[in-house]
Every structure is written in structure tokens, then in C-alpha cells.
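Analysis of the macromolecular model
Residues per chain are reported as follows:
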Amino acid sequence: MSNTPMAANPLTQAVLEIDEYVSGLGWDQPARLFALVDTARLRAEEPALAAQLDLPDAPKAPSGLTPIEQDEIPADKALDDFLGTIAWPDAVAGCALTVERLMLPPSVEAQVPQGLDGAKLTAWVANHPERQEVRMTVAVLRDGTRESALRLREKDTATEVLTGPALVPGLADALTATFED
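Values in this document were obtained by computation on a predicted structure and should not be read as measured data.

Assigned secondary structure in the protein chain consists of six helices and six strands. Counted from the first residue to the last, the protein chain has its helices and strands arranged as α-β-α-α-β-α-β-α-β-β-β-α. The C-alpha atoms of the protein chain give a radius of gyration of 17 Å, which matches the 16 Å a tight globule of 181 residues would have. Summarising its shape, the C-alpha atoms of the protein chain cover approximately 55 × 35 × 25 Å along the three principal directions. Out of the 181 residues belonging to the protein chain, those deemed buried represent 39%. Long-range pairs, those at least 24 residues apart, make up 65% of the contacts in the protein chain with a sequence separation of at least 6. Carbon and sulfur atoms make up 52% of the accessible area of the protein chain, which amounts to about 10,400 Å² in all. In the protein chain, the 14 positive side-chain charges and the 29 negative ones have mean positions that sit 3 Å from each other.

Bringing helix H5 (residues 118–127) into the picture now. Little of H5 is tucked away: one of the 10 residues are buried. One side-chain oxygen of the residue at the start of H5 lies 3.3 Å from the amide nitrogen of Ala119, identifying that residue as Asp117.

Attention now moves to the sheet that holds strand S2 (residues 65–69). In space, the six strands of this open sheet follow the order S2-S1-S3-S4-S5-S6, with antiparallel pairing throughout. The open sheet terminates on both sides in strands that have one partner only, identified here as S2 and strand S6 (162–164). Averaged over all pairs of adjacent strands, the angle between their axes in this sheet comes to 20°, without regard to strand direction. Taken together, the seven bridges between strand S4 (residues 132–141) and strand S5 (residues 146–152) define a ladder with antiparallel strand orientation. In the strand pairing of S5, Met136 is matched with Leu150. Across the sheet, helix H6 (residues 169–177) lies against strand S1 (32–38), strand S3 (92–103), S4 and S5, angled at about 35° from S4, the strand it touches most.

Moving on to H6. Within the span of H6, buried status applies to Leu171, Ala172, Leu175 and Thr176. Considered in projection along H6, the buried side chains sweep an arc of 140° and stay on one side of the axis. Contacts from the buried residues of H6 go to S1, helix H4 (79–83), S3, S4 and S5.

Looking now at the environment of Thr39. Note that Thr39 resides in helix H2 (residues 39–45). Here the alpha-carbon distance between Thr39 and Thr66, two residues 27 residues apart in the chain, equals 5.4 Å. At 2.7 Å, the side chain of Thr39 forms a polar contact with the side chain of Thr66.

A separate point is the environment of Ala50. Mapped onto the secondary structure, Ala50 falls in helix H3 (residues 47–52). Judged by relative accessible area, which is 5%, Ala50 ranks as buried. Linking Ala50 and Ala40, residues 10 residues apart in sequence, is a C-alpha distance of 9.5 Å.

Time to look at the environment of Trp88. Assignment of secondary structure puts Trp88 in the loop between H4 and S3. The buried category is assigned to Trp88, whose relative accessible area is 13%. Expressed as a C-alpha distance, the spacing of Trp88 and Glu109, which sit 21 residues apart in the sequence, is 37 Å. If we ignore the near neighbours within four places in the chain, the residues touching Trp88 are Leu33, Phe34, Ala35, Gln70, Cys95, Arg142, Thr178 and Phe179. Here the side chain of Trp88 touches Thr178 through a polar contact of 3.0 Å, side chain to side chain.

Rules used in this analysis
- Residues numbered from 1 in each chain as written.
- Predicted model: local features only at pLDDT ≥ 70, side-chain atom pairs only at ≥ 80, totals over all residues.
- Heavy atoms only, no water.
- Helix = DSSP H or I, 4+ residues; strand = E, 2+ residues; numbered from the N terminus.
- Rg over C-alpha atoms; globule rule 2.2 N^0.38 Å.
- Buried < 20%, exposed > 50% of the residue type's maximum accessible area, 1.4 Å probe, protein only.
- Contact = heavy atoms within 4.5 Å.
- Areas by Shrake-Rupley, 256 points an atom, 1.4 Å probe, with all protein chains shown as cover.
- Lys, Arg positive; Asp, Glu negative; His and termini not counted.
- Charge placed at Lys NZ, Arg CZ, Asp CG, Glu CD.
- Polar contact = N/O pair within 3.5 Å; in protein donor to acceptor, adjacent residues only side chain to side chain.
- Pairing = 2+ DSSP bridges.
- Axes fitted to C-alpha atoms, helices over the stretch in contact; angles between N-to-C directions.
- Arc of directions from axis to C-beta.

Structure follows, in C-alpha cells:
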């Protein structure tokens, strides 16, 4: 994850690191879930894991967040249902999810046929000539801070990744709910 551009804050940096990592795996990937842990705390409390993750020593590295990929998300379970089963230990400062989806530009919204169920709507979008494939990486912290990165398949370069806290609010809400008691 060494080619990640400098970011203004640790959460943005973590989102861009995850985006870069998943980008290196190519497209058509399953959703991936990451725990975000405080890097300094990880070094202090889990030095063997920090060494395994090849984290730089504290004097050389600024404080930040370290993404740790979790077990594979079950393919037979809806993402919303799966996220509803997650509970994070106190050591986890936040979490992130990366997922690929098809999307349409806002100008097409008026064309969407009414009354389509989930499967028919998915098929309609998949066959629309203006559809775009997008990879979304969304992260949240326990305090509610959010960040997202969007990468279009047709503009698949690190310089074309769009970031911002409110790009995928529904997914950010779902991730925030994983920290509620």
C-alpha cells in the first residue's frame, strides 16, 4: 500500500489504502470488510501482529489507522443482513467496507420503470447503456466520522478516485450501526 497519496486525515488515508489494495486485486471482487485500529495502539498491544503487517516503528511513522481485513463475507447472505450481525471489540476504532456495484447517472433516474423488484431492477440497470461499474470504499469511526472513496471501472487510476464523507450515506449508516449496542 505504498503508492497511496498523502491524505488530510488518518481516515481518508485508510480509505485510500484500502482502495489501492483492492484495486490491486482487480475488478469483479467480492465485498471486503476491514477493521480499523489505531496504529500506535496496535504497535504497543500487539507487536507481533504489527511486525506481521510490516508497520513502521513509531518514530518513523505518524499516528494513523491500520486496516485489517476480516474474514470473507458470506456470498449467500445479503450485505445488510450480514452487517446486522457484526459487533466490534473495543480495540476497533472503526470499520470499512469495499463493494462493487452498477450505477446510473442521475439523468437516468426518471427512466427507471416503476414497480420493479430487486432482481428485475438489477437486470434493468445491468442492461442500461449508461451504466457504470463503481467500487465504493466506505469507512466510519466510532465517533461517527465518515469517509468514502469511489473508483469507476472506466477511470481505473488512483488519480481518478473521488473521496468525500457523504458519497455513500446509506452504506455509511449501515457501517455505523455495527458500533451500536
